[in-house]
Amino acid sequence: MENLHIVCPHCDAVNRVPSVRLEEEATCGTCKRPLFTGHPTDLSTERFLKHIQRSDIPVLVDFWAPWCGPCRTMAPFYEEATRHLEPYFRVVKVNTEAEQQLATRFAIRSIPTLAVFKGGRELARQPGAMDSKSIIAWVQQHLR
Ligand SMILES: [Zn+2]
């Protein structure tokens, strides 16, 4: 049976979850909270790096900032997309205003920018706001 490493969105503990049980609302072995919440997880630089490096499921990230109008417009669509993409994706957000070095390191030139990481490697990125259907379609197109 295949086990997947799932990083807890609350305490960042790395959990091993049998892939066949991924949809069974697994909880974290460390903090006992749900491994999937239906909401994007806000991550600092350190947490973001752990999530992209240790997750066996792909990580979708929204690089955004509080002052960015299109980012705020996209937020409810991103929330909705999260509910469709979990538990096969970890959906996260990085505030580029708070995490400027990370934005520089990943060469984020405009926001919002969406990117998908798997095994610590960036698979795809797309600048510009999207609705939930477009987000889901875009993400899935890069994982076939
Ligand atoms: Zn936890």
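Report on the accompanying structure. In this text, all values refer to a predicted model and were calculated from it rather than measured experimentally.

1. Focus: the state of the cysteines
- Counted by the stated rule, this structure contains one disulfide.
- Bridging cysteine 68 to cysteine 71, the disulfide has an S-S length of 2.3 Å. Here the disulfide of cysteine 68 and cysteine 71 is right-handed, its torsion about the S-S bond being about 85°.
- Cysteine 68 sits in the buried class, given a relative accessible area of 4%.

2. Section: the pattern of salt bridges
- The tally for this structure, following the rule as stated, stands at four salt bridges.
- The salt bridge partner of aspartate 12 is arginine 47, with a shortest N-O separation of 2.7 Å. Here arginine 47 lies in helix H1 (residues 45-54) and aspartate 12 lies in the loop between strand E1 (3-7) and strand E2 (14-18), a separation of 35 residues in the sequence.
- A salt bridge links glutamate 122 to arginine 125; the nearest nitrogen and oxygen atoms lie 2.7 Å apart.
- Using a relative accessible area of 27% as the deciding quantity, one classes glutamate 122 as partly exposed.

3. Focus: the sheet that holds strand E3 (residues 41-42)
- The mixed open sheet is built from five strands, whose spatial order is E3-E5-E4-E6-E7. The outermost strands of the open sheet, each flanked by one partner alone, are E3 and strand E7 (121-127).
- Bridge count between strand E4 (residues 59-64) and strand E5 (residues 90-95): six bridges; the pairing is parallel. Of the residues in E5, the one forming a bridge with leucine 60 is valine 91.

4. Structural notes on the side chain of lysine 93
- Position of lysine 93 among the secondary structure elements: in strand E5.
- This buried residue, lysine 93, is left without a salt bridge; aspartate 62 holds the nearest opposite charge, at 4.2 Å.
- Contacts of lysine 93, omitting those with residues within four sequence positions, involve Pro40, Thr41, Asp42, Leu43, Asp62, Trp64, Ala75 and Tyr78.

Reading the values: the criteria
Residues numbered from 1 in each chain as written. Predicted model: local features only at pLDDT ≥ 70, side-chain atom pairs only at ≥ 80, totals over all residues. Heavy atoms only, no water. Disulfide = S-S within 2.5 Å. Buried < 20%, exposed > 50% of the residue type's maximum accessible area, 1.4 Å probe, protein only. Salt bridge = Lys/Arg side-chain N within 4 Å of Asp/Glu carboxyl O. Helix = DSSP H or I, 4+ residues; strand = E, 2+ residues; numbered from the N terminus. Pairing = 2+ DSSP bridges. Lys, Arg positive; Asp, Glu negative; His and termini not counted. Contact = heavy atoms within 4.5 Å.

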